[in-house]
Amino acid sequence: MTIAIGSDHGGFELKKAIIEHLNKLQIKTLDIGAYDTQSSDYPDYAPPVCDAVLSGEANLGILICGTGIGISISANKIHGIRCALLGDVFSAKMSREHNNANVMALGARVTGVGLALEIVDAFIKTEFSDEIRHVKRVEKIMSLEKR
Ligand code: RB5
């Protein structure tokens, strides 16, 4: 499994912790930056992570900014992306099982590192449910891209 991961300056430290955690679990990471805490713009990091997921280079994506809000909004502008802004483990599971989220976002100034790692674990371990009601609902989400 490969996880594409990116953050602005606000998420840089949490990104480092997540990469270390995933690498310990033998999960490959594709780090698209930021590579330091110098001020940067969160919308710049969503496209490369989302493109890696859409091309199949990565199985899933993780995006981090201060709140997770700006970077998740940015990701959800990209066709094919279902990005869930997560702050708890239950929602992490549901975002995969019910919504087939392919990218998750975290707020580094909101969620502590311990909880963030548990959220990441739940997100990457949970599969999309093949129940028809969930499949249909996700199809409805995707059809909104035609508006
Ligand atoms: C950067 O200061 C901050 O605005 C950003 O990390 C994020 O919280 C935006 O949603």
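Small disclaimer: the values here were computed from a predicted structure and weren't measured.

Reading the values: rules and limits
Residues numbered from 1 in each chain as written. Predicted model: local features only at pLDDT ≥ 70, side-chain atom pairs only at ≥ 80, totals over all residues. Heavy atoms only, no water. Helix = DSSP H or I, 4+ residues; strand = E, 2+ residues; numbered from the N terminus. Buried < 20%, exposed > 50% of the residue type's maximum accessible area, 1.4 Å probe, protein only. Contact = heavy atoms within 4.5 Å. Areas by Shrake-Rupley, 256 points an atom, 1.4 Å probe, with all protein chains shown as cover. Lys, Arg positive; Asp, Glu negative; His and termini not counted. Charge placed at Lys NZ, Arg CZ, Asp CG, Glu CD. Near = heavy atom within 4 Å. Polar contact = N/O pair within 3.5 Å; in protein donor to acceptor, adjacent residues only side chain to side chain. Nonpolar A, V, L, I, M, F, W, Y, C, P; charged D, E, K, R; others polar. Phe/Tyr/Trp six-rings, centres within 6.5 Å; stacked < 30°, edge-to-face > 60°. Lys NZ or Arg CZ within 6 Å of the ring centre and 35° of its normal. Axes fitted to C-alpha atoms, helices over the stretch in contact; angles between N-to-C directions. Parallel < 35°, antiparallel > 145°, perpendicular 65-115°, else oblique. Left-handed = near helix turned anticlockwise from the far one by under 90°. Pairing = 2+ DSSP bridges.

Undergrad: When you look at the overall build of the chain in this model, what are you seeing that I'm missing?
TA: Helix and strand counts for the chain come out as six helices and five strands. Walking the chain from its N terminus toward its C terminus, one meets helices and strands in the order β-α-β-α-β-α-β-α-β-α-α. Seen through its principal axes, the chain has C-alpha atoms that stretch 45 × 30 × 30 Å. With 147 residues in all, the chain has 48% of them scored as buried. Taking the intrachain contacts of the chain between residues at least 6 apart in sequence as the baseline, contacts between residues at least 24 apart amount to 69%. A total accessible area of about 7600 Å² is found for the chain, and carbon and sulfur atoms account for 52% of it. Averaged over its 16 positive side-chain charges, the chain has a centre that lies 7 Å from the centre of its 18 negative ones.

Undergrad: Would you take a moment to explain the site of the ligand for this structure?
TA: Surrounding the ligand, one finds D8, H9, Y42, C65, G66, T67, G70 and R109. Between an oxygen atom of the ligand and a side-chain N or O atom of D8, the distance comes to 2.6 Å. A distance of 2.7 Å separates an oxygen atom of the ligand from a polar backbone atom of G66. Its free accessible area being 290 Å², the ligand has 71% of it covered by the protein chains. Here the residues of the shell around the ligand sort into two nonpolar, four polar and two charged.

Undergrad: Before we go on, may I ask you to explain the packing of aromatic side chains in this structure?
TA: Any two aromatic rings considered together are summarised by their centre-to-centre distance and by the angle between their planes. As enumerated under the stated definition, the model contains zero aromatic pairs in all. One cation-aromatic arrangement involves R96 over F123; the distance from NZ or CZ to the ring centre is 5.8 Å.

Undergrad: Please explain the packing of helix α4 (residues 89–97) against helix α5 (residues 113–125) as it appears in this structure.
TA: When two helices pack together, their arrangement is captured by the angle between the axes and the distance separating the axes. Interhelical geometry of α4 versus α5 gives an angle of 25° and a closest axis separation of 8 Å. With respect to each other, α4 and α5 are oriented roughly parallel. Every pair of crossing elements has a handedness; the one defined by α4 and α5 is right-handed. Counting all contacts with α4, which are made through V89, A92, K93, S95 and R96, the residues of α5 involved are L115, E118, I119, A122 and F123. Class assignment of the residues belonging to the contact of α4 with α5 gives a composition of six nonpolar, one polar and three charged.

Undergrad: Would you explain helix α3 (residues 69–76) in this entry?
TA: Because each turn of an α-helix spans 3.6 residues, side chains separated by three or four positions in sequence point in the same direction. The set of residues buried in α3 consists of G70, I71, S72, S74 and A75. Where the residues of α3 are buried, they touch β1 (2–7), α2 (46–55), β3 (60–65), β4 (83–85) and β5 (103–107).

Undergrad: Looking at this structure, how should I read the pairing of β1?
TA: Note on strand geometry: in a regular strand, side chains alternate between the two faces of the sheet. Of all six residues in β1, six are buried; the element is thus mostly enclosed. Taking every second residue as pointing to the same face, both faces of β1 are buried, with T2, A4 and G6 on one and I3, I5 and S7 on the other. Here four bridges tie β1 to strand β2 (residues 28–31), and the two strands are oriented parallel to one another. Across the sheet, residue A4 finds its bridge partner in β2, namely L30. Here five bridges tie β1 to β3, and the two strands are oriented parallel to one another. If you follow A4 over to β3, its bridge partner there is G61.

Undergrad: I'm lost on the packing of helix α1 (residues 12–24) against α5 in this one. Help?
TA: Following both chains from N to C, one finds α1 and α5 inclined at 50°, their axes separated by 10 Å at the closest point. Of the possible angle classes, the one that applies to α1 and α5 is oblique. Of the two elements, α1 crosses α5, and the hand of that crossing is right-handed. Contact residues: α1 offers L14, A17, I18, H21 and L22, while α5 offers V113, A116, L117, V120, D121 and I124. Tallied by class, residues from the contact of α1 with α5 come to nine nonpolar, one polar and one charged.

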